[in-house]
Amino acid sequence: MLVAEKTQEQKTSVVDYGLVSIIMPNYNSEKYIEATIKSVLAQTYQNWELLFVDDCSSDTSLELAKAFQDERIRIFSMKENGGAALARNRAIEEAKGRWIAFLDSDDLWTPDKLEKQITYMQNNSIAFSYTDYEVVDENNIVVSTFKPR
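Owing to the predicted nature of the structure, the values given are computational and were not obtained by experimental measurement. One numbering rule holds for all chains: residues counted from 1, following each sequence as written. In view of the model being predicted, local features appear only for residues whose pLDDT reaches at least 70, and side-chain atom pairs are presented and counted only at 80 or more, with totals across whole chains, interfaces and linings using the full set of residues. Derived side-chain values reflect all non-hydrogen atoms in the structure, with water molecules and hydrogen atoms excluded from consideration.

### A look at the pattern of salt bridges
So the rule is basically this: The salt bridge criterion pairs a side-chain nitrogen of Lys or Arg with a carboxyl oxygen of Asp or Glu, the two atoms within 4 Å. Here's how the labels work: a residue is buried when its accessible area is under 20% of the maximum for its type, exposed when over 50%, partly exposed in between, all with a 1.4 Å probe on protein chains only.
The tally for this structure, following the rule as stated, stands at 8 salt bridges. A salt bridge links D70 to R72; the nearest nitrogen and oxygen atoms lie 2.8 Å apart. Each member of the pair, D70 together with R72, is buried. Put simply, D112 and K116 hold a salt bridge, and the shortest N to O gap is 3.2 Å. By sharing partners, the salt bridges in this structure join E49, R74, R90 and E94 into a single network.

### As for helix α4 (residues 113–123)
Side chains three or four residues apart in an α-helix point the same way, a direct result of the helix having 3.6 residues per turn. The condition that has to hold: Secondary structure is summarised from DSSP: a helix means a run of H or I of at least four residues, a strand means a run of E of at least two, and numbering begins at the N terminus for each. Arc definition: directions from the helix axis to the C-beta atoms. Note on definitions: a residue-residue contact is assigned when non-hydrogen atoms from the two residues lie within 4.5 Å.
Burial in α4 covers these residues: K113, L114, Q117, I118 and M121. With its buried residues spanning 100° around the axis, α4 presents them on a single face. Turned more than 90 degrees away from the buried face of α4, the exposed residues are K116 and N123. Along its buried surface, α4 packs onto β1 (20–26), β2 (48–54) and β4 (99–102). Count one or two residues on from α4 and you reach S125, which has phi positive near 50°.

Structure (structure tokens):
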């Protein structure tokens, strides 16, 4: 799924349910990382922090992430490669938010993803949730869809 950059017509959420800590482990995702981070920047819900944890990448994904100039993006590097779970745990240790959201470094969010999900959770007193997702190929063609009950 392509996620368009935020346009002037898009409205920013006015309801604030607290800080969302977005946990993003990264390993060699230079091909996707810019689009992934842009999908976070395009969120209508703006009270978030992105905790990007590089797991000893050998490509330029860390440098690409560092190029984004937004104080809400916090970048960390693992001392040795330990896998996505350890990188996620490092980010969780650094998280300051009321909410935790997981985003893989090769995934994209629609601009209203956080707003819809946090609003739903808040309005229904839910502590944990997950959403539909689409699997796309390298040409952004949807190859499958997952819709939980």
